[in-house]
Amino acid sequence: MSLKPFYRKTWAEIDLTALKENVRNMKRHIGGDVHLMAVVKANAYGHGDAHVAKAALAEGASILAVAFLDEAISLREQGIDAPILVLGAVPPEYAGIAAKRRITVTGYSVGWLKEVLRLIGDIGEPLDFHLKIDTGMGRLGCRNEDEIKEMMDMTESSSKVNCCGVFTHFATADEKDTDYFNMQLDRFKELIKPLPLDRLMVHSSNSAAGMRFKKQLFNAVRFGVSMYGMSPSSEIKDELPFPLKEVFSLHTELVHVKKIAKGESVSYGATYTAEHDEWIGTVPVGYADGWLRRLAGSEVLIDGKRQKIAGRICMDQLMISLQEEYPVGTKVTLIGKQKDERISVDEIAQKLQTINYEITCMISSRVPRMFLENGSIMEIRNPILP
Ligand SMILES: *Cc1c(COP(=O)(O)O)cnc(C)c1O
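What you see is a predicted model, and the numbers here were worked out from it, not measured in a lab.

Colleague: Please clarify how the environment of T354 should be interpreted in this entry.
Modeller: Tracing the backbone through its elements, the reader meets T354 in the loop between α10 (345-351) and α11 (356-362). Discounting residues that sit within four places of it in the chain, T354 has contacts with A349 and I359.

Following this line, the structure appears as structure tokens:
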């Protein structure tokens, strides 16, 4: 455990108690005999991969998923021994590295498997992979029964690879209209028929499908965005089987407060001009932290009240039009709760006309992560300091 300091008072709080509650609720929803796969790619959607992984495993997740081999190795380096599946493409020349670290990869084409068998060299244990079937996402995977059969035949006649799972990914599980979803599901069911399903982890659902269509779960669910307390889309918010608790919040504090006179301007381009004498506060967060310039004019919370960003957002700082004079050191919340007011991740997503997934991912690694459990600080990660 390390409590690394941070000297610029801008930080993200990761509420592991809320995360654990989301995992517990999902686990209860899917039932004891279905595996929960905790998706911790992209540094756990910006939350912090190892802490999220450990919290999810403690609540009954049986396997982790990431996007790249690098992310899986990073988890191993941080002491995590649980099974890990890499969902994206691992270049065949690195298959041996995955096998040595006991990392499961995704087998997505005949060409990929041929190259793996050619390049993998001498390894002790076989390389585990989950067979990926493309039923309509058009991203990775075998698209027909011939390809699947060829991959299974090649696997059976080699001692270097072992198929331990099969999966597909839905393109529209978070939309009200379920026609395309049902088409993909039917294709998947048809294509996996010849496989030895009793020996395989079989999974198709992301958060949206896992929460909405309980009966289609097969024996594992890939739980991502909702583990972090966010709805997979606004369209299906009213269909969620249990309330989600947001895990991520973002805070900073006033470092400079001054009065400016009517007619004076603030920030680059002098685009903001005071209409009357007013208090302006400066905070040390900017677009290099992921607080994009397009958020100019949006609100933050100070003293439980919404107050507006004044002028352009700079790389490392921004200014706020204060409703009254506040002392230096006053807490400013960009995402999260103060008193009875809340700025949700969804609100920021809406402002930027994007999805909530993108918001927590865009808060850069320059922002230290503070991990909390039951309200007390467990650890602080400040990736700037070695
Ligand atoms: C990212 C990802 C998930 C997680 O999706 P959520 O919508 O965040 O639950 C599941 N499966 C695959 C293949 C993914 O790439």
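Colleague: Explanation requested: the UniProt feature "active site" (unreviewed entry) in the chain in the structure shown.
Modeller: With numbering matched to this structure, UniProt assigns "active site" (unreviewed entry) to K41 and Y268. These residues run over 228 residues, and the two farthest C-alpha atoms among them are 36.0 Å apart, placing them at more than one spot. Secondary-structure assignment places K41 in helix α2 (residues 41-45). When its relative accessible area of 28% is taken as the criterion, K41 is described as partly exposed. Residues within four places of K41 in sequence aside, it is in contact with A65, V66, A67 and E71. Judged by relative accessible area, which is 58%, Y268 ranks as exposed. Setting aside chain neighbours within four positions, we find Y268 in contact with R312 and C314.

Colleague: Looking at this model, I keep getting lost on helix α6 (residues 110-119). Mind explaining?
Modeller: Because each turn of an α-helix spans 3.6 residues, side chains separated by three or four positions end up pointing in the same direction. All buried positions along α6 are accounted for by V110, W112, L113 and V116. Considered in projection along α6, the buried side chains sweep an arc of 160 degrees and stay on one side of the axis. Close packing links the buried residues of α6 with α5 (95-100), β5 (105-107), β6 (127-132), α7 (145-156) and β7 (161-167). Positioned one or two residues after α6, G121 has a phi angle of 70 degrees, which is positive.

Colleague: Can you help me understand the pairing of strand β1 (residues 11-15) in this one?
Modeller: Each regular strand carries side chains that alternate between the two faces of the sheet. Counting buried positions along β1 gives four out of five residues, so the element sits mostly inside the fold. In this structure, β1 lies alongside strand β20 (residues 369-373), joined through four bridges in parallel fashion. From the neighbouring strand, I14 faces β20, where its bridge partner is F371.

Colleague: Would you mind going over the domain arrangement of the chain with me for this structure?
Modeller: Buried accessible area, meaning the area lost when the parts come together, often serves as the stated size of an interface. Here the chain is partitioned into domain 1 (31-227) and domain 2 (248-381). For domain 1 and domain 2, the distance between their C-alpha centroids amounts to 38 Å. Taken together, the contact between domain 1 and domain 2 spans eight residues of the former and nine residues of the latter. Interface area, domain 1 with domain 2, both sides summed: about 840 Å², of which 61% is carbon and sulfur. On the domain 1 side of the contact with domain 2, Y45, H47 and H51 bury the most area, a combined 60% of that side's loss. Applying the counting rule to domain 1 against domain 2 returns zero salt bridges. If you look at where domain 1 meets domain 2, you find four residue pairs in polar contact (both at pLDDT 80 or more).

Scoring rules and cut-offs
- For every chain, the first residue of the written sequence is number 1, and numbering continues from 1 along that sequence.
- This being a predicted model, a pLDDT of at least 70 is required before a residue's local features are given, and a value of 80 or more before pairs of side-chain atoms are given or counted; all residues contribute to the totals for chains, interfaces and linings.
- To get the side-chain values, take all heavy atoms of the structure and skip hydrogens and water.
- Starting at the N terminus, helices and strands are each numbered in turn, a helix being any DSSP run of H or I of at least four residues and a strand any DSSP run of E of at least two.
- Residue contacts are counted whenever heavy atoms from the two residues lie within 4.5 Å of one another.
- UniProt positions are given in the numbering used here, feature names are shortened, and annotations may be inferred rather than shown by experiment.
- The rule is simple: take the accessible area with a 1.4 Å probe, protein chains only, and divide by the maximum for that residue type; under 20% is buried, over 50% is exposed, in between is partly exposed.
- Each direction from the helix axis to a C-beta atom contributes to the arc, which is the arc of those directions.
- Here the rule is simple: two strands pair whenever DSSP picks up at least two bridges between them.
- Where a domain begins and ends is set by an automatic assignment or by a domain database.
- Buried area, as used here, totals the accessible surface that two parts lose on assembly, with accessibility defined by a 1.4 Å probe and the loss added over both.
- One side-chain nitrogen of Lys or Arg within 4 Å of one carboxyl oxygen of Asp or Glu is enough to make a salt bridge.
- Identification of polar contacts relies on pairs of N or O atoms within 3.5 Å, with a donor-acceptor requirement for protein atoms, meaning one able to donate a hydrogen and the other able to accept it, and with residues adjacent in sequence counted only if both atoms are side-chain atoms.

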